[in-house]
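What follows is the residue order along each chain.
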Amino acid sequence: MSDDNLNKKSAEFFETNAISYSQENYNKTLNIFMFERMKSVLNMTRKNLKYENSIIMDIGCGSGEINLELARLGYDGEGIDISETMINLSKKKLENYPKWQFDVGSVLDYSFEKKYDLVIASGLIEYFKDEDIVLDKLYEILKPKGILIINISNLFGYSTALNYLTYFLKKN
């Protein structure tokens, strides 16, 4: 399956499930894993990124839960997601934080206009057939000495993403 087909399937899934994803995935009582994942991203950000003039890009930002918590901590940034419904949820959640901007797009074809101090790719890379292309794009938009946070967070991601032992299987 090509990355274009994976993008299309991902977009269809998240369009269909955006509301339930937003309501359930970062609820500590319903999904402790996603809640802990968010806490890890927030802790890494606080530990490694200065506030002054730092700009964050969250690729695959979903419905904006991580972005909302980052905004509450005083960070500014942008988010993209392949799902228009997810982006609309993000915009609504962060409507009181005008320094956060959101747009629909995929990491592979989005026209990034600047470089970022921090790039978050949380639960993203496992949706692509070729991780190297995605990693190249992520590094391309990082400022020198920028910080990249990647995590793999779904059932298929654990068994396949960034695992060269399954490279052959993924290619075929």
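You'll find the structure just up there.
Residues numbered from 1 in each chain as written. Predicted model: local features only at pLDDT ≥ 70, side-chain atom pairs only at ≥ 80, totals over all residues. Heavy atoms only, no water.

1. Quick look at the pairing of strand S2 (residues 76–81)
Phase 1: For S2, the buried fraction is high: 5 of the 6 residues fall into the buried class.
Phase 2: Of the pairings in the sheet, the one linking strand S1 (residues 55–59) to S2 comprises 5 bridges and is parallel in character. When the bridges of S2 are listed, Ile56 appears paired with Gly77.
Phase 3: One crossover worth recording links S1 to the parallel S2 by way of helix H3 (residues 65–72), and it is right-handed.
Phase 4: Sheet topology places S2 next to strand S3 (residues 100–104); 5 bridges connect them, and they run parallel. Across the sheet, residue Ile80 finds its bridge partner in S3, namely Asp103.
Phase 5: In this view, the connection linking S2 to its parallel neighbour S3 by way of helix H4 (residues 84–93) has right-handed handedness. (Buried < 20%, exposed > 50% of the residue type's maximum accessible area, 1.4 Å probe, protein only. Helix = DSSP H or I, 4+ residues; strand = E, 2+ residues; numbered from the N terminus. Pairing = 2+ DSSP bridges. Right-handed = clockwise from strand over helix to strand, strands pointing away.)

2. As for the packing of aromatic side chains
Remark: the centre distance and the inter-plane angle together describe each pair of aromatic rings, the angle taken between the planes.
Phase 1: Counting across every chain of the model gives 2 aromatic pairs.
Phase 2: Relative to Phe102, the ring of Trp100 has its centre 6.2 Å away and its plane inclined at 20°; by these criteria the two rings are stacked.
Phase 3: Residue Trp100 is classed as buried on the basis of its relative accessible area, which comes to 4%.
Phase 4: Ring plane angle 70° and centroid distance 4.9 Å describe the contact between Tyr110 and Phe112, whose orientation is recorded as edge-to-face. Just as Tyr110 is buried, Phe112 falls in that class too. (Phe/Tyr/Trp six-rings, centres within 6.5 Å; stacked < 30°, edge-to-face > 60°.)

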